[in-house]
Amino acid sequence: MDLRKKQITLGELWDNPRSRAVFQKRVPMLGKHPVKGAARSVTLEQLADFLSAWVPEAMIGGVIRDLERL
């Protein structure tokens, strides 16, 4: 999948069943978060920066690698 240098939005990723499945598998709490709807315009790069404070870098890297393989 072309992540457009991580500038693809979460809305675009969540609208695609295959990429949504990656998030559901790797970061299930993200799909249940109450601000999910408001986060549709957040880029993958912004999400990775935000999550880096709470989630291991290996998990973030795994999500990005799985998305790139789609």
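Each chain carries its own residue numbering, running from 1 in the direction its sequence is written. Totals for whole chains, interfaces and linings use every residue, but because this is a predicted model, local features are given only for residues with pLDDT of at least 70 and side-chain atom pairs only at 80 or more, for both listing and counting. Hydrogens and water molecules were not included; the side-chain quantities draw on all heavy atoms of the structure.

Caption draft 1: Looking closely at the packing of aromatic side chains. Stacked, edge-to-face and tilted are the three classes for Phe, Tyr and Trp ring pairs, Trp counted by its six-membered ring, which pair at centre distances within 6.5 Å; planes under 30 degrees apart are stacked, over 60 edge-to-face, the rest tilted. The tally for this structure, following the rule as stated, stands at two aromatic pairs. Ring centres 6.5 Å apart and planes at 70 degrees place the aromatic pair Trp 14 and Phe 23 in the edge-to-face group. Here Trp 14 and Phe 23 have matching classes, each one buried. Note on Phe 50 and Trp 54: the rings are 4.7 Å apart at their centroids and 55 degrees apart in plane angle, and the pair reads as tilted. For each residue, the accessible area found with a 1.4 Å probe, counting protein chains only, is set against the maximum for its type, and the residue is called buried under 20%, exposed over 50%, and partly exposed in between. A relative accessible area of 61% means that Trp 54 is categorised as exposed.

Caption draft 2: Local environment of the packing of helix α2 (residues 17–26) against helix α5 (residues 57–69). Where helices are involved, their axes are fitted lines through C-alpha atoms of the stretch in contact, as for all axes, and angles between N-to-C directions lie from 0 to 180°. Helical segments are the DSSP runs of H or I of at least four residues, strand segments are the runs of E of at least two, and each set is numbered from the N terminus. Where α2 meets α5, the closest approach of the two axes is 10 Å, and the angle between their N-to-C directions is 155 degrees. In terms of axis orientation, α2 runs roughly antiparallel to α5. The interaxial crossing formed by α2 with α5 has right-handed handedness. For the pair α2 and α5, the contacting residues are Ser 19, Val 22, Phe 23 and Arg 26 in the first and Met 59, Gly 62, Val 63, Asp 66 and Leu 67 in the second. In this classification, Asp, Glu, Lys and Arg are treated as charged, Ala, Val, Leu, Ile, Met, Phe, Trp, Tyr, Cys and Pro as nonpolar, and every other residue, Gly included, as polar. Residue composition of the contact of α2 with α5, grouped by class: five nonpolar, two polar and two charged. Under this scheme an angle from 65 to 115 degrees is roughly perpendicular, one under 35 degrees roughly parallel, and one over 145 degrees roughly antiparallel; angles in between are oblique. Should the near helix be turned anticlockwise from the far one by less than a right angle, the crossing is termed left-handed; should it be turned clockwise, right-handed. Residues are treated as being in contact if the distance between any of their heavy atoms lies within 4.5 Å.

Caption draft 3: Inspection of the side chain of Ser 19 at higher detail. In this structure, Ser 19 sits in helix α2. On the basis of relative accessible area, Ser 19 is assigned to the buried category, the value being 0%. With near-sequence residues (within four places) excluded, Ser 19 lies in contact with Met 1, Leu 13, Leu 67 and Leu 70.

Caption draft 4: Spatial organisation of the pattern of salt bridges. Only one rule defines a salt bridge in this text: a Lys or Arg side-chain nitrogen within 4 Å of an Asp or Glu carboxyl oxygen. In the structure shown here, the tally under the stated rule is four salt bridges. Measuring nitrogen to oxygen at the nearest pair gives 2.8 Å for the salt bridge that ties Arg 26 to Asp 66. Taken as a pair, Arg 26 in helix α2 and Asp 66 in helix α5 lie far apart in primary sequence, 40 residues in all. With relative accessibility at 29%, the residue Arg 26 sits in the partly exposed group. The partner of Arg 69 in a salt bridge is Asp 66, and the shortest N-O contact between them spans 3.3 Å. With a gap of three residues between them, Arg 69 and Asp 66 both fall in helix α5, about one helical turn apart. For Arg 69, a relative accessible area of 62% translates into the label exposed. Look at the salt bridges and you will find they share partners, linking Arg 26, Asp 66 and Arg 69 into a network.

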